[in-house]
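An overview of the molecular structure
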Amino acid sequence: MISPAVGAEGLVERFGEETALDGLSFTVEAGEIFGFIGPDGAGKTTLFRILTTLLLPDEGGARVLGLDVVDDFWALRARIGYMPGRFSLYPDLSVGENLRFFAAVFGTSLEEQKDLIGPIYRQIEPFRDRRAGALSGGMKQKLALSCALVHRPEILFLDEPTTGVDAVSRREFWDLLDRLRERGPTIVVSTPYMDEASRCDRVALIQDGRILGVDAPGAFGARYGHPLVAVRSSDRRHMPELLRSWEHALSAYPFGETVHVTDRRTDLEPARVAGEARAYLESRGVGDAEARPIEPGIEDVFIALMGAGAAS
Amino acid sequence: MIADGPHANASAAIEARGLTRRFGDFTAVDAISFRVERGEVFGFLGANGAGKTTAIRMLTGLLSPSAGRARVADHDVYGDTDAIRRSIGYMSQRFSLYEDLRVRENIRLFGGIYGLPDRVIRERGGRLLADLGLEHAADELVASIPLGWRQKLAFSVANLHEPEILFLDEPTGGVDPITRRGFWEMIYRAAEGGTTVFVTTHYMDEAEYCDRISIMADGRISAMGTPRELREEYGVASIDELFLRLARPEPAFGAAGDLNGRAGGPEDPASAPGGAS
């Protein structure tokens, strides 16, 4: 039997009065792309620092590649790759020097690893003599990923690799991870962008140091438990408020050009809910509303799990 | 302070014509022209490195244009930069409040910077805390309050001197989905009160919340209109789809160049740390 790539049990981390991780337990299977999805302050970076042996948990424990993150940290470090959220390479060294440095630290060379790093490195190769500090955000990201891969780790921890990156560059980064996955390493990645869930095999939704749920991204919808409809009208600005005042609305949140309305009744056909929502809006003077049943996405689920009214 | 066109200009919150900024032989902003009406929520979109930050720095009076014209709240970006700064509020994800000062101290500090009398700072500060439900946290360090609240507080503080125009640079980055939506309701309230909102974001669903948007690529504005107009004009289902099509003029893969679409050109100096604040 193959042991999981990561197994964590009851992880707790406190910083003074603040509880950053409040008893996290989860398992990451070997070879999967596993995403931690949650806003800033959810505990993602703290968790990654524990899993990469850089921080000791106050309670609980974790094993990575079957090794204990506290007792076996030395053996573990050679086998994991870590790309921190903050750019952590040497800004005064060139692209090539950074890569050679990290390769040398791990007793390997760029040549030996070219098959793995090649596809990423080729994109930054034209700038190999440029100082790392003078690279654009997108190129820094590729260089950091190359450096994290240079010793051929069995598992890769990427802490918010796409934060602050535009929508096109984010998509390209995930395409890179897809290609990388064919070559083997388990990938554990964190992100505040809910739409990136679909690129993972499984995701953990995380908020305030707690896991709200773990599942395949497409499987959360089945647990939603309430009919969900998307409403569209030309009076975009007032739609959420108006729909929240509907007696059957459990919640109403803007999603792009529509408002997603969750019905508090659990046993209704979504098509009927759509019709009733339309009728309600018409009674309130909105004549051009369209409403259609939809499947809940990861962001609908996240909002529901956060608890209606937990923040606003 | 002579209006540089017909009377119609007087009513625009922002008007740019041929606005250009070069750094050496690199053109970061390449003759952009647009007009933002008063009370409008205008989304200013573009990929990293497209020139958004440089454009915002010119519009907020922090950087002098190389060519072209722009008026912001009826003040000229060449000569009246002090007047511009008094007429606008600015907030970004990276810089907004001083974390090692208390909530109340931040309000007093920014109120003072904007030249508000103490009495007005006390009044508006009290109302601001009440509106946010943050009265209990007035004496807390900003660093100790949750991020979502911090962003809403930063927004309210940027609005404290009741500016004509609010510049919001990625105000919702990293914020949870409920707070992110609450933040937009604050934006709408400000706009309904007549404030013009000029906002950038990497969340494409938020582009749909704007009255009008523009998409910048390689220093130019490649599309502008209401989200609905643009969806229809380009035959796309969402602004996300349009952004993917327009934001990167050249295919990134296979091209020997930076993935931000620049083939070996110099970095945009305006995106270096220590940007507009």
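The structure under discussion appears in the preceding block.
Bear in mind the structure is a predicted one, so any value in this text is a computation, not a measurement.

On to the interface of chain B and chain A. If you look at the interface, chain B gives 37 residues, while chain A gives 35 residues. Where the side of chain B that touches chain A is concerned, the elements lending two or more residues are helix H5 (147-158), helix H6 (177-192), helix H7 (204-207) and helix H9 (239-246) of chain B. Looking at the side of chain B that touches chain A residue by residue, the classes come out as 17 nonpolar, 12 polar and eight charged.

Attention now moves to the sheet that holds strand S2 (residues 18-28) of chain A. Residues and elements named next belong to chain A. Taken in spatial order, the four strands make up an open sheet running S2-S1-S4-S5, and their pairing is antiparallel. Looking at the sheet topology across the chains shown, the edges are occupied by S2 and strand S5 (67-68). Relative to S2, strand S1 (residues 6-15) runs antiparallel, the two sharing eight bridges. Of the residues in S2, the one forming a bridge with glycine 7 is threonine 27.

In terms of burial, helix H9 (residues 298-306) of chain A is largely enclosed, as eight of its nine residues are buried. Within H9(A) the residues assigned to the buried category are A:Ile298, A:Glu299, A:Asp300, A:Val301, A:Phe302, A:Ile303, A:Ala304 and A:Met306. Elements that come into contact with the buried residues of H9(A) comprise strand S9 (202-207), strand S11 (228-232), strand S12 (249-255) and strand S13 (258-263) of chain A together with H6 of chain B. In the segment just after H9(A), A:Gly307 is the residue with positive phi, at about 95 degrees.

Core analysis: the biggest nonpolar cluster contains 86 residues, and A:Leu51, A:Leu143, A:Phe157, A:Val231 and A:Ala277 have the highest contact counts within it. Sorting elements by how many residues they give to this core places helix H5 (residues 137-149) of chain A first, with seven residues. Counting contributing residues, this core receives three or more from each of domain 1 (6-221) and domain 2 (225-295) of chain A. Sequence-distant contacts of A:Phe157, that is, excluding residues within four places in its chain, are made with A:Phe48, A:Leu51, A:Thr52, A:Ile80, A:Gly81, A:Tyr82 and A:Val188. Grouped together as the second largest cluster of nonpolar side chains are 71 residues, A:Ala167, B:Phe44, B:Val103 and B:Ala247 included.

Below, the discussion takes up the sheet that holds strand S10 (residues 210-215) of chain A. Residue and element names in this part refer to chain A. With mixed pairing, the six strands of this open sheet are ordered in space as S6-S7-S8-S3-S9-S10. Looking at the sheet topology across the chains shown, the edges are occupied by strand S6 (80-83) and S10. Direction aside, neighbouring strands of the sheet carry axes that sit 15 degrees apart on average. Sheet topology places strand S3 (residues 33-37) next to strand S8 (residues 186-191); five bridges connect them, and they run parallel. Following the sheet pairing, phenylalanine 34 is matched in S8 by valine 188. Where helix H1 (residues 44-51) meets the sheet, its contacts fall on S3, strand S7 (155-159), S8 and S9, and the angle it forms with S7 comes to roughly 155 degrees.

In a regular helix each residue adds 1.5 Å, so 15 residues correspond to 21 Å; helix H6 (residues 167-181) of chain A covers 21 Å between its end C-alpha atoms and thus fits that length. Every buried residue of H6(A) is listed here: A:Ala167, A:Val168, A:Ser169, A:Arg170 and A:Phe173. Where the residues of H6(A) are buried, they touch H5 of chain A together with H7 and H9 of chain B.

Reading the values: rules and limits
- Residues numbered from 1 in each chain as written.
- Chains lettered and ligands numbered in written order.
- Predicted model: local features only at pLDDT ≥ 70, side-chain atom pairs only at ≥ 80, totals over all residues.
- Contact = placed C-beta atoms within 7 Å.
- Helix = DSSP H or I, 4+ residues; strand = E, 2+ residues; numbered from the N terminus.
- Nonpolar A, V, L, I, M, F, W, Y, C, P; charged D, E, K, R; others polar.
- Pairing = 2+ DSSP bridges.
- Buried ≥ 20, exposed ≤ 12 C-beta atoms within 10 Å, placed from the backbone.
- Core = buried A, V, L, I, M, F, W, Y, C linked by C-beta atoms within 7 Å.
- Domains from an automatic or database assignment.
- Axes fitted to C-alpha atoms, helices over the stretch in contact; angles between N-to-C directions.
- Expected span 1.5 Å × (residues − 1).

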